[in-house]
Amino acid sequence: MSVPVFLADRAEFGKSEILLGGPEGRHAATVRRLRAGERVDLTDGAGAVAECVVAEERKDSLLLDVLKTYDTPPPGPRLVVVQGLPKGDRGELAVEMMTEVGVDVIVPWAAARSITQWKGERAAKALGKWRATAREAGKQARRFHLPEVTEQASTVQVVQLLRKAALAVVLHEEADMRLASVELPAEGDIVLVVGPEGGVAGEELAAFTGQAGAVPALLGTTVLRTSTAGVAAASVLLARTGRW
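Presented here is an overview of the structure given in this document. (Residues numbered from 1 in each chain as written. Predicted model: local features only at pLDDT ≥ 70, side-chain atom pairs only at ≥ 80, totals over all residues. Heavy atoms only, no water.)

Turning our eyes to something else, we now look at the layout of surface pockets. Taken as a whole, the largest pocket holds about 400 Å³ of empty space. Lining the largest pocket are 20 residues, with L171, E173, V223, L224 and A229 sitting closest to its centre. When grouped by side-chain class, the residues that make up the lining of the largest pocket number ten nonpolar, seven polar and three charged. (1 Å grid on protein atoms, 1.4 Å probe; cavity = no way out; pocket = protein on both sides within 12 Å on 5 of 7 lines; lining within 4 Å. Points joined across faces, edges and corners; volume = space filled by probe spheres on them. Nonpolar A, V, L, I, M, F, W, Y, C, P; charged D, E, K, R; others polar.)

Structure, rendered in structure tokens:
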């Protein structure tokens, strides 16, 4: 069984003992029911790690002895996925799976063909769910660098993001080139665009390719749901970059 990971303040990592309290400590003590002598890893989500052992379990917290601390370098190249807003809970499913495989940044995109619309209070609530999903999936996957889930982006903002990328790719069913054949950069960000259920609209594709120089690419002969296309494409790219 892998060592569980919990989030903690980096400032605590210099101590010989850490009291893991709050929601993280409550989960560790009452849900995971960790006991004295069991191993625990803490991270700040930005690369810092404290390897610990449970010294004492309390009602809703754990007292931990720190064994050692260290920093892990961020993985590279960075993989950014622009995810067209899916309907229902498929957005959270997409975020969960992309976090598990190692996507570094997830950008919610208000695409022209998105059935779901993030506006007002709904936008804040939906974004909060995506971020909570990424946080929990990152801990489950033992990621010490948790992914960033950005604010919702418009198509204009996505174009600007693609322009800055070392490689910009748009998944599209009519592309001539397969994703596995796209030439990858030695360094810099790889930005991948995944459309919503209705796909990437013609004017969006024209903007991404014409204004930002993005490369249309095909995953394969089958059609994937928007919630699985991103994780499938990310897996291809992560394997080709050597991160897998």
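This paragraph deals with the packing of helix α2 (residues 90-101) against helix α6 (residues 226-241). Direction vectors running N to C along α2 and α6 enclose 15 degrees, while the axes themselves pass 8 Å from each other. Here α6 runs roughly parallel to α2, going by the angle between their axes. For the crossing formed where α2 meets α6, the hand is right-handed. Residues R90, L93, A94, M97, M98 and V101 of α2 form the contact with α6, whose own contacting residues are S227, T228, G230, V231, A234, S235 and L238. Its residues placed into classes, the contact of α2 with α6 shows eight nonpolar, four polar and one charged. (Axes fitted to C-alpha atoms, helices over the stretch in contact; angles between N-to-C directions. Helix = DSSP H or I, 4+ residues; strand = E, 2+ residues; numbered from the N terminus. Parallel < 35°, antiparallel > 145°, perpendicular 65-115°, else oblique. Left-handed = near helix turned anticlockwise from the far one by under 90°. Contact = heavy atoms within 4.5 Å.)

The strand order across the open sheet built from five strands is β1-β3-β4-β5-β2, with neighbouring strands paired in mixed fashion. Only two strands of the sheet have a single neighbouring strand rather than two, namely β1 (5-7) and β2 (17-20). Looking at each pair of strands side by side, their axes are set apart by 40 degrees on average, direction ignored. Pairing geometry for β1 and strand β3 (residues 39-43), over three bridges, is parallel. Paired with V5 across the bridge in β3 is D41. Those strands touched by helix α1 (residues 22-31) are β1, β2 and β5 (62-71), and its axis lies near 155 degrees from that of β1. (Pairing = 2+ DSSP bridges.)

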